[in-house]
Amino acid sequence: DAKTTQPNSMESNEEEPVHLPCNHSTISGTDYIHWYRQLPSQGPEYVIHGLTSNVNNRMASLAIAEDRKSSTLILHRATLRDAAVYYCILRDSPRSGGYQKVTFGIGTKLQVIP
Amino acid sequence: NAGVTQTPKFRVLKTGQSMTLLCAQDMNHEYMYWYRQDPGMGLRLIHYSVGEGTTAKGEVPDGYNVSRLKKQNFLLGLESAAPSQTSVYFCASSLGQIWNEQFFGPGTRLTVL
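Residue numbers here run from 1 along each chain, matching the order of that chain's written sequence. The naming scheme follows written order: chains are lettered A onward, ligands numbered 1 onward. Per-residue local features of the predicted model are confined to residues with pLDDT of at least 70, and side-chain atom pairs are confined, for both listing and counting, to 80 or more; whole-chain, interface and lining totals are unaffected and use all residues. Where side-chain values are given, they derive from all heavy atoms of the structure, hydrogens and water being excluded.

Draft legend 1. Quick peek at the pairing of strand S2 (residues 18-23) of chain A. Residues and elements named next belong to chain A. Side-chain alternation along S2 places Val18, Leu20 and Cys22 on a buried face and His19, Pro21 and Asn23 on a face that remains uncovered. For two strands to be treated as a pair, DSSP must find at least two bridges joining them. Numbering goes from the N terminus for both helices and strands, where a helix is a DSSP run of H or I of at least four residues and a strand is a run of E of at least two. Alignment of S2 against strand S7 (residues 70-75), held across six bridges, turns out to be antiparallel. Residue pairing in the sheet places Pro21 in a bridge with Thr72 of S7. Relative accessibility thresholds used throughout: buried, under 20% of the residue-type maximum; exposed, over 50%; partly exposed, between the two (1.4 Å probe, protein chains only).

Draft legend 2. View of the side chain of B:Ser87. All names here are of chain B. By the secondary structure assignment, Ser87 is in strand S9 (residues 87-94). Side-chain atoms alone can form a polar contact between residues adjacent in sequence; in general such a contact is a pair of N or O atoms within 3.5 Å, and within protein one must be able to donate a hydrogen while the other accepts it. Engagement of the side chain of Ser87 in a polar contact is seen with the side chain of Asp38, the distance being 2.8 Å. In contact with Ser87, other than residues within four places in its own chain, are Arg36, Gln37, Asp38, Thr108, Arg109 and Leu110. Between two residues, a contact is recorded if the distance between any of their heavy atoms is within 4.5 Å.

Draft legend 3. Region of the structure containing the nonpolar core. Residue and element names in this part refer to chain A. Within this scheme, the nonpolar core is defined by two criteria: the residues are buried Ala, Val, Leu, Ile, Met, Phe, Trp, Tyr or Cys, and they are joined through side-chain atoms within 4.5 Å. Counting residues in each nonpolar core, the largest one holds 21 residues, and the members touching the most others are Leu20, Ile33, Trp35, Leu73, Leu75, Tyr86 and Leu110. Counting residues per element, the ones that place at least two in this core are S2, strand S3 (32-38), strand S4 (45-50), strand S6 (61-64), S7, strand S8 (84-91) and strand S9 (108-113). In terms of residue count, the dominant contributor to this core is S8 (four residues). When near neighbours in sequence (up to four residues on either side) are disregarded, Leu75 contacts Glu16, Pro17, Val18, Met59, Ala60, Asp82, Tyr86 and Leu110.

Draft legend 4. Main features of the state of the cysteines. Residue and element names in this part refer to chain A. In this description, a disulfide is simply a cysteine sulfur pair whose atoms lie within 2.5 Å. Summed over all chains, the structure comprises two disulfides over all chains. A sulfur-sulfur separation of 2.1 Å characterises the disulfide bridge that pairs Cys22 with Cys88. Judged by the sign of its S-S torsion, about -80°, the cystine formed by Cys22 and Cys88 is left-handed. Placement of Cys22 in strand S2 and of Cys88 in strand S8 is noted, with a sequence separation of 66 residues between them.

Draft legend 5. Examining unusual backbone geometry more closely. Residue and element names in this part refer to chain B. In this structure, the amide linkage connecting Thr7 to the following residue, Pro8, adopts the cis form with an omega of -5°. Looking at the element boundaries, Pro8 is found in the loop between strand S1 (4-7) and strand S2 (10-13). Phi is positive for Asn28, which is not a glycine, with a value near 60°. Residue Asn28 is classed as exposed on the basis of its relative accessible area of 54%.

Draft legend 6. Main features of the sheet that holds S1(B). Residues and elements named next belong to chain B. Within the open sheet, the four strands sit side by side as S1-S3-S8-S7. Their pairing is antiparallel. With partners counted over all chains shown, the strands left at the sheet margins are S1 and strand S7 (65-67), one partner each. Here the average twist between neighbouring strands, direction ignored, is 20°. Across four bridges, S1 lies against strand S3 (residues 19-25) in antiparallel orientation. Within the sheet, the bridge partner assigned to Thr5 lies in S3 and is Ala24. In this analysis, axes come from line fits to C-alpha atoms, helices being fitted only over the stretch in contact, and the angle between any two N-to-C directions falls in the range 0 to 180 degrees.

Draft legend 7. Geometry of the sheet that holds strand S1 (residues 9-13) of chain A. Residues and elements named next belong to chain A. Read across the open sheet, the five strands follow the order S1-S9-S8-S3-S4; overall the sheet is mixed. Of all strands in the sheet, those bounded by a partner on one side alone are S1 and S4. Each strand of the sheet is rotated relative to its neighbour by a mean of 25°, with strand direction disregarded. As paired strands, S8 and S9 are joined by three bridges and run antiparallel to one another. Across the sheet, residue Tyr86 finds its bridge partner in S9, namely Thr108.

Draft legend 8. Representation of the side chain of B:Gln37 in the model. Following the sequence through the fold, B:Gln37 ends up in strand S4 (residues 31-38). At a separation of 2.9 Å, a polar atom in the side chain of B:Gln37 contacts the side chain of A:Gln38.

Draft legend 9. Spatial organisation of the packing of aromatic side chains. Any pair of Phe, Tyr and Trp rings, taking the six-membered ring for Trp, is counted once the centres come within 6.5 Å. Such a pair is stacked with planes under 30 degrees apart, edge-to-face with planes over 60 apart, and tilted for the rest. One pass over the full model with this rule turns up 11 aromatic pairs over all chains. Consider the rings of B:Tyr35 and B:Phe104, whose centres lie 5.5 Å apart with planes at 35°: the pair is tilted. With B:Tyr35 in strand S4 and B:Phe104 in strand S10 (residues 103-104), this pair connects stretches of sequence that are 69 residues apart. In this pair, the class of B:Tyr35 matches that of B:Phe104, namely buried. Taken together, the ring pairs in this structure connect A:Tyr36, A:Tyr46, A:Tyr87, A:Phe104, B:Tyr31, B:Tyr33, B:Tyr35, B:Tyr48 and B:Phe104 into an aromatic cluster.

Here is the structure:
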């Protein structure tokens with residue numbers, strides 16, 4: 001199964017852009033790249049997802065490498081509220097006879113410095 | 001809309017006791033999921049359901065049972081709790097397609113003594 005690799009932690013200054021990297025060198029052609037974040041003492045919340053093209057929404061941008069082996073979540077102006085654990089995950093259809101394995105990993109803990 | 005709600009928020013059990021965690025969603029989602037989160041382990045999928053009356057095993061199903069008798073509810077049962085099941089449990093739901101986002105509940109913190 002395709003896995004993702006993220007740095008354990010990152011720091012950013014408030015109001016500066018943040019680039020959170022994710023490596024997924026064994027990604028398959030049908031895997032969607034999803035990003036979630038988890039604020040302290042809360043459940044994860046969806047941030048953004050993409051397949052091949054770069055994506056933008058009100059929360060963030062997702063830049064996907066041409067070979068799809070890596071992606072970067074971009075927060076354009078980090079705020080204190082963005083301090084969270086960010087998870088990069090891959091989602092694919094359930095394997096035959098198996099289950100829909102969605103591995104969140106331990107994510108990247110983002111600290112935002114005032 | 002309340003989204004995804006979980007009951008209870010906290011629970012302490014003794015080894016061998018049983019309990020049921022309730023997850024409810026009001027978004028008419030087909031898929032529902034149960035995860036556990038342990039320090040340094042990320043979230044791991046326990047069981048999931050692709051529709052009313054269906055359940056399937058996830059990554060770490062041993063020691064848990066689930067039921068989806070109504071579309072809006074997904075129950076997670078522990079028949080004989082063990083200290084290794086001390087964790088934070090999250091329920092989630094989604095429309096089901098792999099590009100759909102999952103909506104998570106606030107979590108249930110379970111301690112087994």
